[in-house]
Amino acid sequence: MTAALSTVPPASASSDAPILLREDADGIATVTLNRPQARNALSMALMGALQDQLDAIRADPGIRVVVLQGAGPAFCAGHDLKEMRADPSREATEAVFRTCARLMLSLTRLPQPVIARVHGIATAAGCQLVATCDLAVCAEEARFATPGVQIGLFCSTPMVALSRAVSRKAALEMLLVGEPIDAAEALRIGLVNRVVPQADLDAAVGALATRIAGKARRVLAIGKEAFGRQIEMGLEEAYGYTAEIMTRNMMMADAHEGIDAFLGKRPPRWEP
């Protein structure tokens, strides 16, 4: 099934385009940030629309994988600084970062794996989005940065995701220098999984998403949650926790089916 939808009104009266798009096909939900004229900057409206879609996807048993991408020349240029300067009050600023924090936590806790499809720039909160997604595939021309230090606003919230995705020194260099890194460097430090020519980006993302979508939905969910939890634990606690998770997983019908299929040399038939 394929479906496109608008979650909020247009970004401005001059455009009738929705600021967020979703298309579903073969168990993959492709969610598109659709503010190309603003390099997909994360306005309050866009963050709210994305949050609504994540909530809907969480409850959708037909979706096994999510692809997050940006329309136009960029993936995401971070927060909408024009909107923030239009209301510089403490209350409005707190609302922006509280909304963003909830959004990033929702991506992390979403049962379905999320793949970032990155082209153009991914800066500040846009780089945070890439670091928060479970996997990332980017075009050779893509650039990544946490440039806040250059405008007097250290990228402290992007730092949370970045420091969990790459090494300590790599994260600090990006945060302290604030200059863009290219796709090859992003791959070297572990910010992205793959770098491909721009012309091959859709095919590479599609192939990865399809491979994941062919796995059991409940197994993907239990594995993603366990990965996020154990990585924050000490070694002994992590082994105790994951032993319990594997025991619980072994009791699931999908594990019985998968093992029987393997032993019987046949393709597994996962539960819907």
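Residues numbered from 1 in each chain as written. Predicted model: local features only at pLDDT ≥ 70, side-chain atom pairs only at ≥ 80, totals over all residues. Heavy atoms only, no water.

Q: Teacher, can you tell me more about the nonpolar core here?
A: Most often, soluble globular proteins have nonpolar side chains that are buried together. Formed by 53 residues in total, the largest nonpolar core has its most connected members in Leu68, Phe75, Val118, Leu129, Val130, Phe144 and Leu191. For this core, the leading source of residues is helix H1 (residues 44-58), giving six residues. Excluding residues that lie within four positions of it along the chain, Leu68 makes contacts with Val31, Leu33, Leu50, Phe75, Val114, Ile115, Ala116, Arg117, Leu129 and Cys133. In this structure, Ile28, Val67, Ala139 and Leu208 belong to the second largest nonpolar core, which totals 15 residues. (Core = buried A, V, L, I, M, F, W, Y, C linked by side-chain atoms within 4.5 Å. Buried < 20%, exposed > 50% of the residue type's maximum accessible area, 1.4 Å probe, protein only. Helix = DSSP H or I, 4+ residues; strand = E, 2+ residues; numbered from the N terminus. Contact = heavy atoms within 4.5 Å.)

Q: What is the right way to read helix H9 (residues 217-230) from this model?
A: For an α-helix, 3.6 residues make a turn, and residues three or four places apart therefore share a direction. Look at H9: 20 Å from first C-alpha to last across 14 residues, which is about the 20 Å you get at 1.5 Å a residue. Looking only at H9, the buried set comprises Leu220, Ile222, Lys224 and Ala226. Along its buried surface, H9 packs onto helix H3 (90-109), strand S5 (114-118), helix H8 (201-213) and helix H10 (235-250). (Expected span 1.5 Å × (residues − 1).)

Q: Just checking my understanding: could you explain the environment of Gln112 for this structure?
A: Among the secondary structure elements, Gln112 is positioned in the loop between H3 and S5. A relative accessible area of 4% means that Gln112 is categorised as buried. For the pair Gln112 and Ile222, spaced 110 residues apart in sequence, the C-alpha to C-alpha distance is 9.6 Å. With near-sequence residues (within four places) excluded, Gln112 lies in contact with Ile57, Arg58, Asp60, Ile63, Arg64, Val65, Val66, Asp134 and Lys224. Reaching out from Gln112, the side chain makes a polar contact with the backbone oxygen of Ile57 at a distance of 2.8 Å. (Polar contact = N/O pair within 3.5 Å; in protein donor to acceptor, adjacent residues only side chain to side chain.)

Q: How should I be thinking about helix H6 (residues 168-177) in this particular structure?
A: Every buried residue belonging to H6 is among Ala170, Ala171, Met174 and Leu175, and all of these are buried. Within H6, the buried residues cover an arc of 125° as seen down the axis, which keeps them to one side. Facing away from the buried side of H6, by more than 90 degrees, are the exposed residues Arg168, Lys169, Glu173 and Leu176. Contact partners of the buried residues in H6: helix H4 (125-132), strand S8 (143-145), helix H5 (156-165), strand S9 (181-182) and helix H7 (183-189). Downstream of H6 by a residue or two, Gly178 has a phi angle that is positive, lying close to 80°. (Arc of directions from axis to C-beta.)

Q: I keep staring at a nonpolar patch on the surface and nothing clicks. Help me out?
A: Taken together, the side chains of Val149, Phe154, Leu172, Leu176 and Val177 make up a nonpolar region of the molecular surface, amounting to roughly 380 Å² of accessible area. Inspection of the secondary structure puts Val149 in the loop between S8 and H5. (Patch = residues over 30% accessible without salt bridge, like charges linked within 9 Å, V, L, I, M, F, W, Y side chains within 5 Å. Areas by Shrake-Rupley, 256 points an atom, 1.4 Å probe, with all protein chains shown as cover. Salt bridge = Lys/Arg side-chain N within 4 Å of Asp/Glu carboxyl O.)

Q: Just to check I follow, could you spell out the pattern of salt bridges for this structure?
A: Once the charged atoms of two side chains with opposite charge are near each other, the side chains can pair. For the coordinates displayed, the defined rule picks out 12 salt bridges. In this structure, Asp60 and Arg22 form a salt bridge, with 3.1 Å as the shortest nitrogen-oxygen distance. Of the two residues, Asp60 is situated in the loop between H1 and strand S4 (65-70) and Arg22 in strand S2 (residues 20-25); the sequence distance between them amounts to 38 residues. Put simply, Asp202 and Arg117 hold a salt bridge, and the shortest N to O gap is 2.7 Å.

Q: Any chance you could explain the packing of H1 against H3 here in plain terms?
A: Between two packed helices, both the angle of their axes relative to each other and the distance between the axes serve to describe the pair. Contact geometry for H1 and H3: axes closest at 10 Å, N-to-C directions at 25°. What the angle tells us is that H1 and H3 run roughly parallel. Seen along the crossing, H1 lies across H3 with a hand that is left-handed. Together, Met44, Met47, Leu50, Gln51, Leu54, Asp55 and Arg58 of H1 and Ala95, Val96, Thr99, Cys100, Arg102, Leu103, Ser106, Leu107 and Arg109 of H3 make up the contact between the two elements. In the contact of H1 with H3, the residues fall into nine nonpolar, three polar and four charged. (Axes fitted to C-alpha atoms, helices over the stretch in contact; angles between N-to-C directions. Parallel < 35°, antiparallel > 145°, perpendicular 65-115°, else oblique. Left-handed = near helix turned anticlockwise from the far one by under 90°. Nonpolar A, V, L, I, M, F, W, Y, C, P; charged D, E, K, R; others polar.)

Q: Explain the sheet that holds strand S6 (residues 121-123) here, please?
A: One open sheet holds the three strands; their spatial order is S6-S8-S9, and the pairing between them is mixed. Across the chains shown, the open sheet's two edge strands, defined by having one partner strand only, are S6 and S9. Where S6 lies against S8, three bridges are found, and the strand directions are parallel. Of the residues in S8, the one forming a bridge with Ala122 is Phe144. Packed onto the sheet, H4 meets S6 and S8 and runs at close to 95° relative to S6. (Pairing = 2+ DSSP bridges.)

Function cannot be read off these values alone, since they describe shape.
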